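Listed here are the chains, written in short residue letters.
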Amino acid sequence: MKIRVALLLCLTLLSCFAAGCDKRVNDSEQVSPEEKIVIKFSHVVSENTPKGLAAQRFATLVKDRTTGRVEVQVFPNSTLYSDGEEIEALKSGTVQMIAPTTSKLSRLSPQWQIFDLPFAFNDGNEVHRAMDGPTGEKLLSSLSASNIKGLAFWDNGFKQMTNGKRPLIHPEDFGGLIFRVMINSQVLKRQFEQLGAYPVETQFNDLYHALETNLADGQENTLSNICSKKLYRVQPYLTISNHGYMGYIVMTNEKFWSSLPDDVRLTLESTLHEVTEWERQISADKDRESMEEVVSYGKVQIHHLTVAERNKWIEALQPLYSEFWELTWE
Ligand code: LMR
C-alpha cells in the first residue's frame, strides 16, 4: 500500500513539473494571465445582425484556434461605446477592434463617402469589386495616418427608406420631412437636402427613440437594422429603393496590432478572412429574412421603386457627384 501511495505521489509531482515547464496547455482555462491576449471588440448593432453574428463567430474561432491564448470579448448594442465614441476609443487603445459603417469614417478621410453616393452601385458584386480592389486598398491605407489598421470589409446590404408620414415614391415626397442621418457624412446630409428634406445626425443607439418621439420623421437603413431594432413598429412606410450601400470596415489599433506575436497575428488574419466570406453570405440571408419579417408584421406599407421612379431619384440626386468630387479631391 505504502509503495502504491509513493508511486502516485511521484506521478503527480512529475506531471506538475511537466506542466510548469510548458506553461500553456491545451485548456483555455489554464493559459497564464500574462500570456493571455484580450481583444475588446465593440459595436453598435444587435447580436442577431450580420455584424453581430460575424463578430461572435470570429471570437469563437479565435478562442479555439489559439487554444484560449487570445480572447475576443464582443460588446454589442453600444454597451461599451456608442458610434460617436468608438473611433476615439480605438485610437486611444481602450478597445482593440471595432467595425463602423464606412460613412462614419468620413471625418478621418472624406474619400470614404464614395460608398454614400446614392445609386453608385447596382448590386453587391459591384460593391465588392470596389472594396476588394484598388479603391478599397487606398481607403484602408488612408487609416494608418490615424494609428488605425483596416483589416476587412464586411457587408450589411443596401439601404431602404422608411418614414412615419407618407409613402416615398417621388423625390418631391421628401419635401419638408426630417430624416435621421448617420454621423459624420456630408454626402448623406446633402442627399436629403437635395430632396428638400432636413437631415439630423443621430447616433444609432438613439435612433428608435428619435423616430418614436418624432424627432425625426424617417431614416435610411438596411432591412436587418430596421428589423433587429424593430424600427418598423414606428415607421409605417417603407420604400425598397436600394439607393445606397451600407458596409463596414473591421479595424484595429495599429500599434496594438504590430505588438502582437507573429503567429497570433497570422491566426487572426486568416480567421478574419474566413469570417469575412461567411459574413457576406449571412448578410444576404439576413436581408431576405428581414424582408419576410416586415411583410409578416402586416402593418407596413411597402413600395418597391419602379425603374421610372428610380430614374427620377437618380436625376434628382445627380448634383451630389460633382459635390463629392470637389469635397474629396480639390
Ligand atoms: C447606423 O448608424 O444606422 C448603422 O451604421 C448602424 C450599423 O452599424 O449598422
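Structural data are supplied above this passage.
Residues numbered from 1 in each chain as written. Predicted model: local features only at pLDDT ≥ 70, side-chain atom pairs only at ≥ 80, totals over all residues. Heavy atoms only, no water.

Caption draft 1: Representation of the overall build of the chain. When helices and strands are tallied, the chain shows twelve helices and nine strands. In terms of principal-axis extent, the alpha carbons of the chain reach across some 95 × 50 × 35 Å. Expressed as a percentage of its 330 residues, the buried residues of the chain come to 49%. For the chain, long-range pairs separated by at least 24 residues make up 73% of all intrachain contacts whose partners lie at least 6 apart in sequence. For the chain, the exposed area adds up to about 15700 Å²; of that, 54% sits on carbon and sulfur atoms. (Helix = DSSP H or I, 4+ residues; strand = E, 2+ residues; numbered from the N terminus. Buried < 20%, exposed > 50% of the residue type's maximum accessible area, 1.4 Å probe, protein only. Contact = heavy atoms within 4.5 Å. Areas by Shrake-Rupley, 256 points an atom, 1.4 Å probe, with all protein chains shown as cover.)

Caption draft 2: The arrangement of the site of the ligand in detail. Residues in close proximity to the ligand total 14 residues, the closest being K51, T101, K104, R180 and Y248. Take T101: an N or O atom from its side chain is 2.5 Å from an oxygen atom of the ligand. In the complex, the protein chains occlude 100% of the 270 Å² of accessible area that the ligand would expose alone. Looking at the shell around the ligand, its residues break down into six nonpolar, four polar and four charged. (Near = heavy atom within 4 Å. Polar contact = N/O pair within 3.5 Å; in protein donor to acceptor, adjacent residues only side chain to side chain. Nonpolar A, V, L, I, M, F, W, Y, C, P; charged D, E, K, R; others polar.)

Caption draft 3: Broad picture of the environment of S109. Tracing the sequence through the fold places S109 in the loop between β3 (97-98) and α4 (124-132). Placed 103 residues apart in sequence, S109 and E212 show a C-alpha to C-alpha distance of 33 Å. Looking at S109, its side chain comes within polar contact range of the side chain of Q111, at 2.9 Å.

Caption draft 4: Looking closely at helix α6 (residues 186-194). Those residues of α6 not exposed but buried are V187, L188, R190, Q191 and F192. Between the side-chain oxygen of the N-cap and the backbone nitrogen of V187 there are 3.4 Å, and the N-cap of α6 in question is S185.

Caption draft 5: Structural view of unusual backbone geometry. Here T67, not a glycine, exhibits a phi torsion of approximately 45°, which is positive. Relative to the assigned elements, T67 resides in the loop between α2 (50-65) and β2 (70-75).

Caption draft 6: Structural detail: the packing of aromatic side chains. With the rule as written, the count across this model stands at ten aromatic pairs. Between the aromatic rings of F115 and F121, the centroid separation amounts to 5.8 Å while the plane-to-plane angle is 20°, which identifies the pairing as stacked. With respect to class, F115 is no different from F121; both count as buried. Between F174 and F192 the ring centres are 6.4 Å apart and the planes differ by 50°, which places this aromatic pair in the tilted class. Of this pair, F174 sits in the loop between β4 (148-163) and β5 (178-181) while F192 sits in helix α6; the two residues are 18 residues apart in sequence, bridging distant segments of the chain. The two residues F174 and F192 agree in class, both being buried. Put simply, the rings of W112, F115, F121 and F153 pair up and form one aromatic cluster. (Phe/Tyr/Trp six-rings, centres within 6.5 Å; stacked < 30°, edge-to-face > 60°.)

Caption draft 7: Region of the structure containing the pattern of salt bridges. Applying the stated rule across the entire model yields 15 salt bridges. As a salt-bridge pair, D262 and R265 come within 3.2 Å of each other at their nearest N and O atoms. Of this pair, D262 and R265 both sit in helix α10 (residues 262-297), three residues apart, roughly one helical turn. D262 sits in the exposed class, given a relative accessible area of 53%. One network of salt bridges, in which partners are shared, links R190, E193 and E323. (Salt bridge = Lys/Arg side-chain N within 4 Å of Asp/Glu carboxyl O.)

Caption draft 8: Broad picture of the pairing of strand β8 (residues 237-253). Counting buried positions along β8 gives 16 out of 17 residues, so the element sits mostly inside the fold. In this sheet, β8 lies alongside β3 in antiparallel orientation, the contact comprising two bridges. Note on β8: the bridge partner recorded for M97 is T252. In this structure, β4 lies alongside β8, joined through 13 bridges in antiparallel fashion. Residue T162 lies in a different strand from β8, and its bridge partner there is L238. Summarising the sheet, β8 and strand β9 (residues 301-304) pair through four bridges and their orientation is parallel. Within β9, the residue paired with I240 across the bridge is H304. (Pairing = 2+ DSSP bridges.)

Caption draft 9: Up close: the packing of α2 against α10. Between α2 and α10, the shortest axis-to-axis distance is 9 Å and the interhelical angle comes to 150°. Taken together, the axes of α2 and α10 lie roughly antiparallel to each other. As α2 runs across α10, the sense of the crossing is right-handed. Taken together, the residues of α10 that come into contact with α2 (itself represented by P50, K51, L53, A54, R57, F58, L61, V62 and R65) are T267, L268, T271, L272, E274, V275, W278, E279, I282, S283 and K286. Here the contact of α2 with α10 is built from residues that sort into eleven nonpolar, three polar and six charged. (Axes fitted to C-alpha atoms, helices over the stretch in contact; angles between N-to-C directions. Parallel < 35°, antiparallel > 145°, perpendicular 65-115°, else oblique. Left-handed = near helix turned anticlockwise from the far one by under 90°.)

What is shown is where atoms sit, not what they do.
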